[in-house]
Amino acid sequence: MTEPSRRNAQARTIHGSMIRAVIAGSFVLWSLTTSAVSAESSSTASTIEYVQPRMVKIFGAGGLKGLSHHGTGFLVSKEGHIATAWSHVLDPAEVTVVLNDGRRFTAKVLGAEPNKELAVLKLNAPDGSSFPFFDLLSAVSGAGEGARVLAFSNMFQVAAGDESVSVLHGVIAAKTQFKLRRGTFEIPYEGPVYVVDAITNNSGAAGGLLTSRDGKLLGMIGREVRNAETNTWVNYSIPLTELRQPIDEIITGKFSTSARKPADEPNAARRYEPTDFGIVMVPDVLFRTPAYVDTVIAGSAAAKVGLKSDDLVLFVNGDLMQSVRTMKDALGRLEAGDILKLVVRRGDELINVEIAVPKKAAKPMK
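Bear in mind the structure is a predicted one, so any value in this text is a computation, not a measurement.

Regarding the sheet that holds strand β12 (residues 209-212)
Then, number 1: In space, the six strands of this closed barrel follow the order β7-β8-β11-β16-β13-β12, with antiparallel pairing throughout. Adjacent strand axes in the sheet meet at a mean angle of 40°, parallel and antiparallel pairs treated alike.
Then, number 2: Note: strand β7 (residues 148-153) against strand β8 (residues 166-177), six bridges, orientation antiparallel. Paired with R148 across the bridge in β8 is V171.
Then, number 3: Across the sheet, helix α2 (residues 240-252) lies against β11 (192-197), β12, β13 (217-221) and β16 (236-239), angled at about 50° from β16, the strand it touches most.

Put into structure tokens, the structure is as follows:
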């Protein structure tokens, strides 16, 4: 073999080895990538399979001014306690809850923390019933920017019976604190939120669940809001680590945001009436007449903080008001120098107001 031929043969051998090495390397890289994708897909599928039986669909008030009558929640105890977002959907004395398997129950609001947009319901289920639930002690707070997440919710009422709620995937854009509002009014919650790069805060999605791809519990999906500073719609979720304590306290009956005196205490006298603040309530004609404002007296303290006719009083100093009567009893227990904190619903807005209780009390009533 001539020298040029020998050199060409060696070159072909080296070239062939390089090609085989590149092919082998590419195969290994492809195998690793495929394995990673398969592992992630398997993890996501397992998470969805675990989460769905613990999600519920909630149906209540709505329809007026285009308000949706449905929402989302998730089971947090085997006895049938449900965490969800506080909203107009929960206005009725009882709401309908549909489980993932299609079973339907009524449920009552057990308690609420409006400053965290939280409500806890209890299913009216037969004694001895047991439900799959999330252990909130496993919720994590360490998810950061870029973390890939799943959002579970009954947005747009896609699910009404035994259909599973919708699942969206996205990433956490930020974990931050910022002011939120719906329309022109501030949202009471001002704590940390996950800002999510996914379309999660749609009609009916409030009260849904945010998890990591591998099933770690992260947050509760909030209501549709705008960023008060940028006037842009925001997809956000409230960390479950912020909600875990009030949920537990509401379930165990330990939750309290104000000193209470039993309304049915014998001969209890009311120190104040709604009119002492400029509020005229609707006539108390039923046992549970909703606590609607009939009129606001011009120039009164209520008028100065912006209360209006048809506002529905939901909370007085953190206590849930289920009727005109309970509101009058709550005001009657105030003392001079207190601060009266009201949460009212106007349309689909929640509005916080504060009124200083006057030094001179009204004449006690029996």
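Re the sheet that holds strand β5 (residues 104-113)
Then, number 1: Pairing in this closed barrel of six strands is antiparallel, and the strands run β1-β2-β3-β6-β5-β4 around the ring. Put simply, the sheet's adjacent strands are angled 40° from each other on average, direction ignored.
Then, number 2: As defined by bridge partners, strand β3 (residues 81-85) adjoins strand β6 (residues 118-123) across five bridges and the pair is classed as antiparallel. Along β6, the bridge assignment pairs A83 with V120.

Description of α2
Then, number 1: Here α2 spans 18 Å end to end across 13 residues, near enough to the 18 Å set by a 1.5 Å rise per residue.
Then, number 2: Those residues of α2 that fall on the buried side of the exposure criterion are L240, L243, P246, I247 and I250. Buried residues along α2 cover an arc of 130° about the axis, so they all sit on one side.
Then, number 3: Positive backbone phi, approximately 80°, marks G253, located one or two places after α2.

Structural notes on the pattern of salt bridges
Then, number 1: Scanning the entire structure with this criterion turns up five salt bridges.
Then, number 2: Close ionic contact of R103 with D101 constitutes a salt bridge, the shortest N to O distance being 2.9 Å.
Then, number 3: When its relative accessible area of 38% is taken as the criterion, R103 is described as partly exposed.
Then, number 4: The exposure class assigned to D101 is partly exposed, which follows from its relative accessible area of 47%.

So, how was this worked out
Residues numbered from 1 in each chain as written. Predicted model: local features only at pLDDT ≥ 70, side-chain atom pairs only at ≥ 80, totals over all residues. Heavy atoms only, no water. Pairing = 2+ DSSP bridges. Helix = DSSP H or I, 4+ residues; strand = E, 2+ residues; numbered from the N terminus. Axes fitted to C-alpha atoms, helices over the stretch in contact; angles between N-to-C directions. Contact = heavy atoms within 4.5 Å. Expected span 1.5 Å × (residues − 1). Buried < 20%, exposed > 50% of the residue type's maximum accessible area, 1.4 Å probe, protein only. Arc of directions from axis to C-beta. Salt bridge = Lys/Arg side-chain N within 4 Å of Asp/Glu carboxyl O.

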